[in-house]
Amino acid sequence: MTDTLSSKNLAFKFAQLDKRGRRALDSLAPRPQDLCSTNPQSEPVMESKTSALTDSVIAELPTIKGSDVAVVFDRAREIGKAWAATDIRERKRLVLSFVDTLLKEYEAVLDIIQWENGKNRGSAYEEVYDVAMNSRYYALHAERILRSKSVAGAVPVLTKTQINFVPKGVVGIISPWNYPLTLAASDAIAAIMAGNSIVLKPDSQTPFSALAIKALMERAGLPRNLFQVVIGSGRELGGPMIENANYIMFTGSSQTGRTIARQSGEKLIGFSAELGGKNAMIIRADAPVERAAAGAVKACFSSSGQLCISMERIYIHKDIWDRFVPAFLKRVKEMKLEASMDWKADIGPLINDAQVEKVAEHINDAVAKGAKVLAGGHLVPEVSNRAFLPTVLTDVTPDMKVFGEETFGPLVSLYKVDSDEQALSLVNATNYGLNSAIWSDDLKIAQSMAIRVEAGTVNINDGYAAAWGSIHAPSGGFKDSGLSHRHGVEGLVKYTDVQTVATQRLMHIGAPKWLGEKAWAKVLHTYLRAQRRFDL
Ligand code: NAD
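Nothing here was measured: the structure is a model prediction, and the numbers come from that model.

1. As for the pattern of salt bridges
And step 1. The final tally for this structure, using the stated rule, is 25 salt bridges.
And step 2. The partner of Asp111 in a salt bridge is Arg121, and the shortest N-O contact between them spans 3.0 Å. Of the two residues, Asp111 sits in helix α4 (residues 106–117) while Arg121 sits in helix α5 (residues 121–146), which places them ten residues apart along the sequence.
And step 3. Here Asp111 falls in the buried class, since its relative accessible area comes to 5%.
And step 4. Judged by its relative accessible area of 1%, Arg121 is buried.
And step 5. Where Lys168 meets Asp497, a salt bridge forms, and the shortest distance between an N and an O atom there is 2.8 Å. Of this pair, Lys168 sits in the loop between β4 (159–167) and β5 (170–174) while Asp497 sits in strand β18 (residues 496–504), and the two are 329 residues apart along the sequence.
And step 6. A network of salt bridges, in which partner residues are shared, links Glu107, Asp111 and Arg121.

Spelled out as structure tokens, the structure:
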């Protein structure tokens, strides 16, 4: 088996890229040796990748077949054994060096993210920031979190009990296109710090950010192929990945999440899912209007609304409606929609035509049933065929698609409410439960409302970045929005098997022959009573 392709087979088509584009891709991704192939004898199936920003072909990349996935995992398992035995302080050194390398190369990384995804540069930078913060957190804290811990044993003094955290082995990661850098790197780094090797399947539309991460990791000194990237269709590669992985980390739609959950359940391997949402924001009557309006714009339209935690519903108290809505609309209408790689654009084109159709379908369906468009509502073809204006609807009713379905685009609906109670019950009236926000001057009331919101993260006086950026705290969905968590202790420990080692001193646990079962039961019973009495 050879693990590389010959460069002859890699018909990169950089021709349509400008100088800057060539530099970014040449310096970071893809190198022939970064691409997984298991059968260099046969011609690989090449797939053409088109830029969501410029519509030009970025390159052709070889895809992998489902039948080749096992070989990639075998290689990962071999590499993973040495990695699991590597001292955690050395893992920390290498991951911190990865952060330094990323920060040095960040402009080229931003070019790659923008190219393949189309998002504006400011939103792309959030990805770099996230990967750096995540990696640093796990590099600095993994040793403490994963250190073997002593706990009270079965018999005081006589039982010494220790908890160990054993790496799972090979973690398979399946990621979507919307945050191609963050979702390729941040979960992987946690798993790597826990001593695992990685096989990542990025979405076929955005393989370059994942390949850039691989290049940066290896440049920083992490072992070659500790992080491997397989490119191909999710339907074809998903099954074989689950068949071969020791743990699956999935980010994507709730529908695909269910399929992967079934397959992982059958295989009895751990599975973590970060899924869709229909996220909602509450504007209380006492909300700081200007701050809330600015925060809402960011929360609705970052990454062109193609952010899993972005807001698609805003519930506004009737007493503040006339002040909040104009302030919000003014800001939405001022947003710069551009397909450019400078820092001036507030919002960029959508990733593909299907996303455009989905947004248009939700708007058209709503308008046909009586909704009103307060801002945006259409494409701007002079910018790009996928440049959709940030759009605001009102008078939305339950019979409209946009009411309950995730749009995953630059579209938000405004609802007037009479009370906090009504707002809370409408926020919770969905099968999703990913992210939410409450704006209020009264933090006590907002915090007491937050605990009643059925969502994994609740931001008070922010839209999403406050909770998402709190890396020490777990982040995950309630209800159909997910299983398990990323970030914090939970986001690391899930990549380990937790083992208990109990060492018994002097005598084993059980009735001594000279005492007999009945007397032994009496001793235990007395102990239980004492526990109750003295609150032991
Ligand atoms: P998707 O489920 O269609 O695809 C996600 C990934 O799964 C891709 O890599 C795809 O190739 C792969 N895939 C598709 N079918 C598969 C199968 N049968 N087996 C294995 N893999 C398969 O999701 P999408 O539409 O591309 O992404 C957008 C969705 O992701 C939205 O619903 C969004 O809310 C969600 N999302 C959630 C989070 C989060 O953290 N909760 C983050 C980003 C995106």
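2. Description of the side chain of Glu127
And step 1. On the secondary structure map, Glu127 appears in helix α5.
And step 2. Under the relative-accessibility criterion, Glu127 is labelled buried at 0%.
And step 3. Apart from the residues within four sequence positions on either side, Glu127 is in contact with Ile113, Lys119, Asn178, Tyr179, Pro180, Leu181 and Thr182.

3. Section: the domain arrangement of the protein chain
Often, the extent of an interface is quoted as the loss of accessible area on bringing the components together.
And step 1. Along its sequence, the protein chain is organised into domain 1 (11–275) and domain 2 (279–476).
And step 2. Placing the centre of domain 1 and that of domain 2 at their C-alpha centroids yields a distance of 30 Å.
And step 3. With 34 residues of domain 1 at the contact, the number on the domain 2 side is 30 residues.
And step 4. Between domain 1 and domain 2 lies a buried interface of about 2500 Å² when both sides are counted; carbon and sulfur atoms form 54% of it.

4. Details of the site of the ligand
And step 1. The full set close to the ligand counts 26 residues, and Ser175, Ser253, Thr256, Leu275 and Glu406 are the nearest of them.
And step 2. Trp177 is positioned with one of its side-chain polar atoms (N or O) 2.9 Å from an oxygen atom of the ligand.
And step 3. In the complex, 86% of the free accessible area of the ligand, which totals 850 Å², lies under the protein chains.
And step 4. Every element with two or more residues in the shell around the ligand is listed here: α8 (234–244), β8 (247–251) and α9 (254–267).
And step 5. Ranked by residue count, the leading element in the shell around the ligand is α8, at three residues.
And step 6. Here the residues of the shell around the ligand are counted per class, giving eleven nonpolar, nine polar and six charged.
And step 7. For the shell around the ligand, the two domains that each supply at least three residues are domain 1 (11–275) and domain 2 (279–476).

5. Structural notes on the nonpolar core
And step 1. Counting residues in hydrophobic clusters, the biggest one holds 63 residues, and the most contacted among them are Phe98, Ile198 and Leu492.
And step 2. Considering every element that reaches this core, the biggest residue donor is α5, with ten residues.
And step 3. Each residue touching Leu492, except ones within four places of it in the same chain, is listed here: Tyr138, Ala142, Ile145, Leu146, Ala190, Met193 and Ala194.
And step 4. With 40 residues, the next largest nonpolar core counts Val289, Val297, Leu307 and Ala375 among its residues.

6. Let's talk about the pairing of β8
Along any regular strand the residues' side chains alternate between the sheet's two faces.
And step 1. Of all five residues in β8, five are buried, a share of seventy percent or more.
And step 2. Burial along β8 is two-sided: the residues Tyr247, Met249 and Thr251 and Ile248 and Phe250 are all buried.
And step 3. The pairing of β5 with β8 spans four bridges and is parallel. Bridge pairing in β8 places Gly172 opposite Ile248.
And step 4. With five bridges joining them, β8 and strand β9 (residues 270–274) adopt parallel strand pairing. In the sheet register, Tyr247 faces β9, and the bridge partner there is Gly270.

Thresholds applied
Residues numbered from 1 in each chain as written. Predicted model: local features only at pLDDT ≥ 70, side-chain atom pairs only at ≥ 80, totals over all residues. Heavy atoms only, no water. Salt bridge = Lys/Arg side-chain N within 4 Å of Asp/Glu carboxyl O. Helix = DSSP H or I, 4+ residues; strand = E, 2+ residues; numbered from the N terminus. Buried < 20%, exposed > 50% of the residue type's maximum accessible area, 1.4 Å probe, protein only. Contact = heavy atoms within 4.5 Å. Domains from an automatic or database assignment. Buried area = accessible area lost by both parts, 1.4 Å probe. Near = heavy atom within 4 Å. Polar contact = N/O pair within 3.5 Å; in protein donor to acceptor, adjacent residues only side chain to side chain. Areas by Shrake-Rupley, 256 points an atom, 1.4 Å probe, with all protein chains shown as cover. Nonpolar A, V, L, I, M, F, W, Y, C, P; charged D, E, K, R; others polar. Core = buried A, V, L, I, M, F, W, Y, C linked by side-chain atoms within 4.5 Å. Pairing = 2+ DSSP bridges.

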